[in-house]
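# Working through the structure, step by step
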Amino acid sequence: MWRATVLTIFPEMFPGPLGLSLAGKALQGGLWAFDAVDIRDHATDRHRSVDDTPAGGGPGMVMKADVLARAIDFASAEPDARPRLLLSPRGAPLTQRRIVELAGGAGAVILCGRFEGVDERVIEARRLEEVSLGDFVLSGGEIAALALIDACVRLLPGVMGKQASGAEESFADGLLEYPHYTRPQLFEGRPIPDILTSGDHGRIAAWRRAQAERLTQTRRPDLWAARRAPFPAKPGKSK
Ligand code: SAH
């Protein structure tokens, strides 16, 4: 079963929102498993310290390599097929591609940073994969961990049914999703585009595709440029 283990100094933040809605039902239904490890339980002094002042000076505190290593070794005793992730603004920005990979695996061991971050040596020694939620700074890795797990869990078999098949969602084929409409037919003078009520499924699909392409080109030129063309650019020249 897909299993997330989160290492944190705030285990009471979990499962939090993941205990509600579809993820929560799936958790209760045994479609995935979750456990939180309190990093403080692995401290060695009587103050249960997890952080210390930065070598070289500067503001803030740094999470201690020895304490984190003990927590990781406890949470992920070998052999554990799950990747060990460290939430970090320095990490590779998470993409739907990586989420699909993670959801297809055995789960994840997820370390949440706090303070200024973690001692570099534990990242090396435990081969942590640094992943980021985006180019902004959170006060801790916990909210990022919740986001990462949520994105994985909704893809697990049986959690969302047809909706999350992924085939039509944003990023599924390198495009943002087309716009949605529902009743009423007229909202503040704005009608639903005629084509969507035409019943012509071929034209609807073509319209949605064109909208998705237009949105991607204008909003995310980076995605548009990186997109693998679905057909050879010059017919006859391929393969
Ligand atoms: N001093 C660090 C920021 C520390 S923020 C720096 O300048 O890079 C404290 C913790 O919050 C980090 O260790 C990390 O676990 C988490 N965090 C902050 N921003 C994040 C982001 N964009 N993605 C994932 N985790 C983040």
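See the structure above.
The present account deals with the structure reproduced in this document.

About the thresholds
- Residues numbered from 1 in each chain as written.
- Predicted model: local features only at pLDDT ≥ 70, side-chain atom pairs only at ≥ 80, totals over all residues.
- Heavy atoms only, no water.
- Salt bridge = Lys/Arg side-chain N within 4 Å of Asp/Glu carboxyl O.
- Helix = DSSP H or I, 4+ residues; strand = E, 2+ residues; numbered from the N terminus.
- Buried < 20%, exposed > 50% of the residue type's maximum accessible area, 1.4 Å probe, protein only.
- Pairing = 2+ DSSP bridges.
- Axes fitted to C-alpha atoms, helices over the stretch in contact; angles between N-to-C directions.

Glancing now at the pattern of salt bridges. For the structure on display, the rule yields 16 salt bridges. We note a salt bridge from Arg114 to Glu142, for which the minimum N-O separation is 2.9 Å. A residue pair is termed long-range when its members are at least 10 positions apart, and Arg114 in the loop between β6 (107–112) and α4 (120–125) and Glu142 in helix α5 (residues 142–153) qualify at 28 residues. Judged by relative accessible area, Glu142 falls into the buried class, the value being 0%. Where Arg209 meets Asp173, a salt bridge forms, and the shortest distance between an N and an O atom there is 2.8 Å. Remark: Asp173 occurs in the loop between α5 and β8 (186–187) and Arg209 occurs in helix α6 (residues 201–219); sequence separation between them is 36 residues. Residues participating in the shared-partner salt-bridge network are Arg90, Glu120 and Glu130.

Attention now goes to the sheet that holds β6. Spatially, β2-β1-β6-β5-β7 is the arrangement adopted by the 5 strands of the open sheet, whose pairing is parallel. The open sheet has two edge strands, β2 (33–38) and β7 (129–132), and neither has a second partner. Along the sheet, successive strands turn relative to each other by an average axial angle of 35°, direction set aside. Across 5 bridges, the pairing between strand β5 (residues 84–93) and β7 is parallel. Bridging across to β7, Leu87 finds its partner in Val131.

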